[in-house]
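Remarks on the overall topology
The primary structure of each chain is shown beneath.
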Amino acid sequence: MFDAPGPRFRRRVFWVSVVSAVVLAGLVALGLRQFAANGQLDPVRWRPYLTWPVWRYLLNGLWSTVVAACATGVLAMAGGLLLALRPNRFTRAYAEVMRTVPVLLLVYVMLFVLPSFGVNLPLFWKLVVPLALSHAASYVVIFRAGVESVDPGQREAGLSLGMPDGVVTRFVVLPQAVRHMTPLLVTQAVSLLKDTSLGYVVSYTELLFNGRVLANYNGLLIQTFIVVAFVYLVVNLALSRLSHRLEARRARTAR
Amino acid sequence: MGRLFVAALLLFVAGCAGGENVVPGVGGGKFAVLLGKAPMYTGQVTPGSAVDRIKKRGKLIIGGSQDAPLLSQLDPTSGELTGFDAYLGKLLAQYIIGSPQTELLSATSETREPLLANGTVDVIIQTYTITPARKERVAFAGPYYQSGQSIAVRRGTSGITKPADLAGKTVIAGANTPAIGAIKAVAPTARVVEFGSDPECLTALKQGRGEAYVQDQAILVADASKDSELQLVGEPFTEDPYGIGIKHGDAEFTKFVNDWLREIGKSGLWQDVWKQTIGTVVTGDAPSPPAIAS
Amino acid sequence: MSLVLEGFLNTVALTLLSFAGALVVGLVVAVLRIVPVPLLRGVGTAYVEVWRNIPLLAWLVLFVFGLPEVGVTMPLFWTAFTAIALYEAAFVAEALRSGVRSVASGQGEAARALGLTVQQSLRHVILPQAGRRVVQPLANIAIALTMATALAGVVGVVDMTRAAQRINLELAQPLLVFTGAGLCYLVMAAGIGFGARVLERRLA
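Each value, and the rule that gives it
Residues numbered from 1 in each chain as written. Chains lettered and ligands numbered in written order. Predicted model: local features only at pLDDT ≥ 70, side-chain atom pairs only at ≥ 80, totals over all residues. Helix = DSSP H or I, 4+ residues; strand = E, 2+ residues; numbered from the N terminus. Rg over C-alpha atoms; globule rule 2.2 N^0.38 Å. Buried ≥ 20, exposed ≤ 12 C-beta atoms within 10 Å, placed from the backbone. Contact = placed C-beta atoms within 7 Å. pLDDT = per-residue confidence, 0-100. Pairing = 2+ DSSP bridges. Axes fitted to C-alpha atoms, helices over the stretch in contact; angles between N-to-C directions. Core = buried A, V, L, I, M, F, W, Y, C linked by C-beta atoms within 7 Å. Domains from an automatic or database assignment.

Another aspect to go through is the overall build of chain A. Assigned secondary structure in chain A consists of 11 helices and 0 strands. Seen in sequence order, chain A has helices and strands lined up from the N terminus as α-α-α-α-α-α-α-α-α-α-α. Computed over the C-alpha atoms, the radius of gyration of chain A is 24 Å, more than 25% above the 18 Å expected from 2.2 N^0.38 for a compact globule of 255 residues. Structurally, chain A occupies a C-alpha span of about 75 × 70 × 30 Å along its principal axes. Classification of the 255 residues of chain A by burial places 39% in the buried group. Sequence-distant contacts in chain A: of pairs separated by 6 or more residues, those separated by 24 or more amount to 77%.

Have a look at this one:
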């Protein structure tokens, strides 16, 4: 809706760019100076992160993070699908409640409440089950929106061709719904991967927890957590990029 | 983009290949000497008992810390675990299995009871204070060490010389540790700020997020050994006997571990371990190990 | 009992303040992502991607223990507030941007075709509609933010969850204590949902 940029507008864009570049460079310089003034840019403080043993330890953590995220994802999606396909008062209430209760609180329930009722799961599941319970609610919402995004005419057409209801759902509605849901599913996957950082609380040795142990050992708190944050960033960005590619490919083949 | 994905995949595989946090057999050279002196169990093993299970598995699974200096600290780069608790764990493994094969599962004060109850770990060796309340859920062998809650401040802090001085102050404590109750008992008006781990509490104290830090004396002594900014105030103001946590109701294994503790106490091995760990920062002779109730 | 009150008030205050902060920062970032200056767009995108893809808990730890190391010390509550507000701002920015985008194409072109200037079509056509469309997504972010404040308990702030956990330590009534805490969050979320519906109706 913008006009094609004229000379005056282009000049204005140029000057705004220059000014904001200067401001940005200033901010970065200020931050770096603050870091340097406190000795945080000292090469000695960063060199450990060029060595393999440190990375091996962090990548071990990343692996645990991925395992926990995958287990949670599978459980939560299965639960979400079950609940979404049977919309009734209970499933709706479940989605509403679980979307508002902090996962940390659920983790605490797992840690403190259930053991007194004789339910005592291994550490891994103490992290995965609360995450799955919480994320299942998000998946319900996503799946329902996905199914609703498919034109009802599609289902009617399928039924009028004499296909049984289950077949229509499976072969007509779901494939289209999945295509609509892909971006949301990726956002959810990223959020799930991030939530596994609660392993920090239950001392499941995932990435953030290993970062803490490492920082406690070498005393390089800032450096360790910046590196850990960077690993999360790379993994999650790769995840979203991957989905963009898949989506683009599917858009091509669908035509 | 494809290349990035492959790179990510490679990272995962690499991480996978690294494997579990299995602690390699023997500690530093000096610990190897202790290991040479360590006793080994030669008596009968009841089939199906905890000892039998551990022997068949070939390693002892311990719930403990990875980040407690002098007690149980992991060198993340070498996978080496050192400290008083860690060495006792290895010696116990030596006693049962005949080799110091242990695996450390990271536990916190919030997770260790569940870990024991469902059999994820064989024992908890983690500055685990024996209390009547805990005894209802956990069996304890020991005590193997006598400690107490102590107060630490930043060097140069004035106005805190005894526990009652904590009144009205902001005091840092580990989440879900006995320190919280201990603070409330001596200074009900103190404001408690909790952090999840000892190093976090320590960092918080140094950054001025509280005026004092209450923690087990052994841990504080170890912290102070690494950090000259930290200063201990007075003697411990509670008495906390540390025990080895065992699954509730397993009287046989509890007696087994107690017998072992008595044996290493008598032979002087206990004192040797103390000298190599806590004794490196605490001056004076090794204390005598606490008496073990039958 | 004072602990319950302290925890509850801290959670409410942290939620309200962080959300206000997230709205302000998120609005700025959304504008950055929309303006026709490539550099600023890049900055906006980078902000959103960096904040969104790193766990809040990592941000909190980095802020609480990291900032003092570079000479910036704030009280715990305000450190947690800053981290949560900046984190949620990324989500707010995305909600605002997609709100504007959902109207912009067709409606915006129509307004321009009728001879309205860019400013006029923004002011009279796009923003009012976008405003209505972003209420629900923003309410969802506010609810997510309420949940996120629980993480502040991990870095020392006595929030609802931390208070519940500490009370449980004393009372040993886990079921009661945690159900109560859960209900508090439910009530807050219901309040947000109600407010959003009222606001939506007002804007309609």
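Having seen it, we continue.
With that settled, the discussion passes to the confidence of the model for chain A. Residues of chain A with pLDDT of at least 70 account for 95%, and the chain-wide mean is 85. Per-element confidence in chain A ranges from a low mean pLDDT of 82 for helix 9 (residues 199–202) of chain A to a high of 90 for helix 3 (residues 52–85) of chain A.

The next point concerns the sheet that holds strand 10 (residues 170–174) of chain B. Residues and elements named next belong to chain B. The strand order across the open sheet built from 5 strands is 11-10-12-9-13, with neighbouring strands paired in mixed fashion. Strands at the two margins of the open sheet, each flanked by one partner only, are strand 11 (191–195) and strand 13 (230–233). Recorded for the sheet is a direction-independent mean angle of 35° between the axes of neighbouring strands. Contacts between helix 7 (residues 178–186) and the sheet are confined to strand 9 (149–154), strand 10, strand 11 and strand 12 (212–216), with strand 10 contributing the most and set at about 150° to the helix.

Residue and element names in this part refer to chain B. Where strand 3 (residues 67–68) and strand 4 (residues 72–75) come together, 2 bridges link them in antiparallel fashion. Bridge pairing in strand 4 links alanine 68 to serine 72. Relative to strand 5 (residues 80–82), strand 4 runs antiparallel, the two sharing 3 bridges. Looking at strand 5, one finds that aspartate 75 is bridged to glutamate 80.

Another point: the nonpolar core. Membership of the largest hydrophobic core comes to 221 residues, with the highest contact counts inside it found for A:Val107, B:Ile183, C:Leu57, C:Ala58, C:Leu60, C:Ala80 and C:Ile84. Broken down by element, the residue count for this core peaks at 17 residues, all from helix 4 (residues 76–113) of chain C. Two domains each provide a minimum of three residues to this core, namely domain 1 (20–147 + 241–280) and domain 2 (149–233) of chain B.

For the rest of this paragraph, the subject is the environment of B:Trp274. All names here are of chain B. Within the element layout of this structure, tryptophan 274 appears in helix 11 (residues 269–276). On the basis of neighbour counts, which here come to 21 C-beta atoms within 10 Å, the residue tryptophan 274 falls in the buried class. Expressed as a C-alpha distance, the spacing of tryptophan 274 and threonine 42, which sit 232 residues apart in the sequence, is 26 Å.

Strand pairing in a sheet takes place through backbone hydrogen bonds and is either antiparallel or parallel in direction. The strand order across the open sheet built from 3 strands is 3-4-5 (chain B), with neighbouring strands paired in antiparallel fashion. Lying at the two open borders of the sheet, with one neighbouring strand each, are strand 3 and strand 5 of chain B.

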